[in-house]
Amino acid sequence: MAHYAKVNNGVVLQVIVAELDFFETFVDSSPGQWIQTSYNTHGGQHRNGGTPLRKNYAGIGYTYDSQRDAFIPPKPYTSWVLNDETCLWDAPTPYPTDGEDYYWDEETLSWVVITAE
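To start, this report covers the structure provided alongside it.

Criteria and thresholds
Residues numbered from 1 in each chain as written. Predicted model: local features only at pLDDT ≥ 70, side-chain atom pairs only at ≥ 80, totals over all residues. Heavy atoms only, no water. Helix = DSSP H or I, 4+ residues; strand = E, 2+ residues; numbered from the N terminus. Polar contact = N/O pair within 3.5 Å; in protein donor to acceptor, adjacent residues only side chain to side chain. Contact = heavy atoms within 4.5 Å. Phe/Tyr/Trp six-rings, centres within 6.5 Å; stacked < 30°, edge-to-face > 60°. Buried < 20%, exposed > 50% of the residue type's maximum accessible area, 1.4 Å probe, protein only. Salt bridge = Lys/Arg side-chain N within 4 Å of Asp/Glu carboxyl O. Core = buried A, V, L, I, M, F, W, Y, C linked by side-chain atoms within 4.5 Å.

**So, unusual backbone geometry**
Consideration 1: Positive phi values are uncommon outside glycine, yet Cys-87 reaches one of about 60 degrees.
Consideration 2: The residue Cys-87 is located in the loop between strand S8 (81-82) and strand S9 (89-90) in this model.
Consideration 3: You will see that Leu-109, though not glycine, has its phi angle at about 55 degrees, which is positive.

Below, the structure is given as structure tokens:
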């Protein structure tokens, strides 16, 4: 089984799972094109050691960048920048590695520890 993303004007509208022989005869008259995506690809890496496909598994609302041949998730915060290697968004400050859980505070452009109440 393979996964395909319906892309129109660079935006993913739908993702389906289909057998290749079915997909080759599949008729869809709506605008856009179907582009194969891999459920096992994230950040340009294939989770099972295989060949990654289009940097990330497509999701509804993702962008397909034909120049990079990559699916890019929506930008989560204004301050975050696109990582050209992974086609994922990076915070301007790296996530702390001290074992605590954090959330991003866009107003202060910093990670804030999640505290139990």
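After presenting the structure, the write-up continues.
**Considering the side chain of Lys-6**
Consideration 1: If you trace the backbone, Lys-6 turns up in strand S1 (residues 2-8).
Consideration 2: A distance of 2.7 Å separates polar atoms of two side chains, one belonging to Lys-6 and the other to Ser-30.
Consideration 3: The residues touching Lys-6, leaving out its near neighbours within four places in the chain, are Val-11, Val-12, Leu-13, Gln-14, Asp-28, Ser-30, Pro-31, Gly-32, Gln-33 and Trp-34.

**Description of the packing of aromatic side chains**
Consideration 1: Inspection of the entire model under this criterion finds 9 aromatic pairs.
Consideration 2: Aromatic pair Trp-80 and Trp-104: ring centres 5.8 Å apart, planes at 80 degrees, arrangement edge-to-face. Linking Trp-80 in the loop between strand S7 (70-72) and S8 with Trp-104 in strand S10 (residues 102-105), this pair joins segments that are 24 residues apart in sequence. Across the pair, Trp-104 and Trp-80 agree in class, each one buried.
Consideration 3: Each ring, one from Tyr-95 and one from Tyr-102, has its centre 5.6 Å from the other, and the planes form 85 degrees; the classification is edge-to-face.
Consideration 4: The exposure class of Tyr-102 is buried, given its relative accessible area of 13%.
Consideration 5: Connected via pairs of aromatic rings, a cluster forms that spans Tyr-77, Trp-80, Tyr-95, Tyr-102, Trp-104 and Trp-111.

**A few points about the pattern of salt bridges**
Consideration 1: Under the defined criterion, the tally for this structure stands at 3 salt bridges.
Consideration 2: One salt bridge connects Arg-68 with Asp-84, and the closest N-O pair in it is separated by 2.8 Å. Within this pair, whereas Arg-68 is found in the loop between strand S6 (63-65) and S7, its partner Asp-84 is found in the loop between S8 and S9, the two being separated by 16 residues in sequence.
Consideration 3: Relative accessible area serves as the criterion here: at 36%, Arg-68 is assigned to the partly exposed category.
Consideration 4: On the basis of relative accessible area, Asp-84 is assigned to the exposed category, the value being 52%.
Consideration 5: Here the salt bridges do not stand alone but share partners, grouping Asp-65, Arg-68 and Asp-84 into one network.

**Some details on the nonpolar core**
Consideration 1: Counting residues in hydrophobic clusters, the biggest one holds 7 residues: Ala-5, Val-7, Val-12, Ile-35, Ala-58, Tyr-64 and Phe-71.
Consideration 2: The residues touching Val-7, leaving out its near neighbours within four places in the chain, are Val-12, Gly-32, Gln-33, Ile-35, Tyr-64 and Phe-71.

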